[in-house]
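Spelled out, the chains give:
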Amino acid sequence: AYSSAIAPGSLAPAAAPALRERRTVIRQVVGELDETWALNRQFHERLNELHIAHDYAEVSNVGHDARALLTALGEGNGRFYRRVLGMPDTERPR
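One structure accompanies this document, and this report is about it.

Rules of the game
Residues numbered from 1 in each chain as written. Predicted model: local features only at pLDDT ≥ 70, side-chain atom pairs only at ≥ 80, totals over all residues. Heavy atoms only, no water. Axes fitted to C-alpha atoms, helices over the stretch in contact; angles between N-to-C directions. Helix = DSSP H or I, 4+ residues; strand = E, 2+ residues; numbered from the N terminus. Parallel < 35°, antiparallel > 145°, perpendicular 65-115°, else oblique. Contact = heavy atoms within 4.5 Å. Nonpolar A, V, L, I, M, F, W, Y, C, P; charged D, E, K, R; others polar. Polar contact = N/O pair within 3.5 Å; in protein donor to acceptor, adjacent residues only side chain to side chain. Buried < 20%, exposed > 50% of the residue type's maximum accessible area, 1.4 Å probe, protein only. Phe/Tyr/Trp six-rings, centres within 6.5 Å; stacked < 30°, edge-to-face > 60°. Lys NZ or Arg CZ within 6 Å of the ring centre and 35° of its normal.

Glancing now at the packing of helix α2 (residues 8-22) against helix α3 (residues 37-49). Angle between the axes and distance between the axes are the two parameters that describe a pair of packed helices. At a minimum axis separation of 10 Å, α2 and α3 run at an interaxial angle of 10°. Classified by the angle between their axes, α2 and α3 sit roughly parallel to one another. Contact residues: α2 offers Pro8, Gly9, Ala12 and Pro13, while α3 offers Phe43, Arg46 and Leu47. Along the lines of polarity and charge, the residues of the contact of α2 with α3 split into 5 nonpolar, 1 polar and 1 charged.

Laid out in structure tokens, this is it:
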């Protein structure tokens, strides 16, 4: 019961007005081979139903592995942080 009560999907409806008003940045990235993929997809859909803005990405051929996710995102990871931090979207020098 406790774990259900504190699950993001359970907390989101009550938090939705504040998240929208504050324009809270939410980013969700999951590998398609991750054992939590289905739960992540459900949460993404729930955020959409609640009109909570968020970035969502599914990464092909990656499991539950943060390093592999970031590697697969490549420069898109840097673009995300530059956007949310209000920095120019320029590619890193090579």
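With a side-chain oxygen lying 3.2 Å from the backbone nitrogen of arginine 67, the N-terminal cap of helix α4 (residues 66-73) falls on aspartate 65. One or two positions beyond α4, positive phi appears at glycine 74, with a value near 55°.

What follows covers the environment of asparagine 61. Among the structural elements, asparagine 61 can be located in the loop between β2 (55-59) and α4. Under the relative-accessibility criterion, asparagine 61 is labelled exposed at 68%. Residues asparagine 61 and arginine 22 lie 39 residues apart in sequence; the distance between their C-alpha atoms is 34 Å.

Quick look at the packing of aromatic side chains now. Evaluation of the coordinates by the stated rule reveals 1 aromatic pair. Here the aromatic rings of phenylalanine 80 and tyrosine 81 are separated by 5.0 Å at their centres, their planes lie at 80°, and the arrangement is edge-to-face. Given the relative accessible area of 8%, phenylalanine 80 is considered buried. Just above the ring of phenylalanine 80 sits the side chain of arginine 27; from NZ or CZ to the centre is 4.2 Å.

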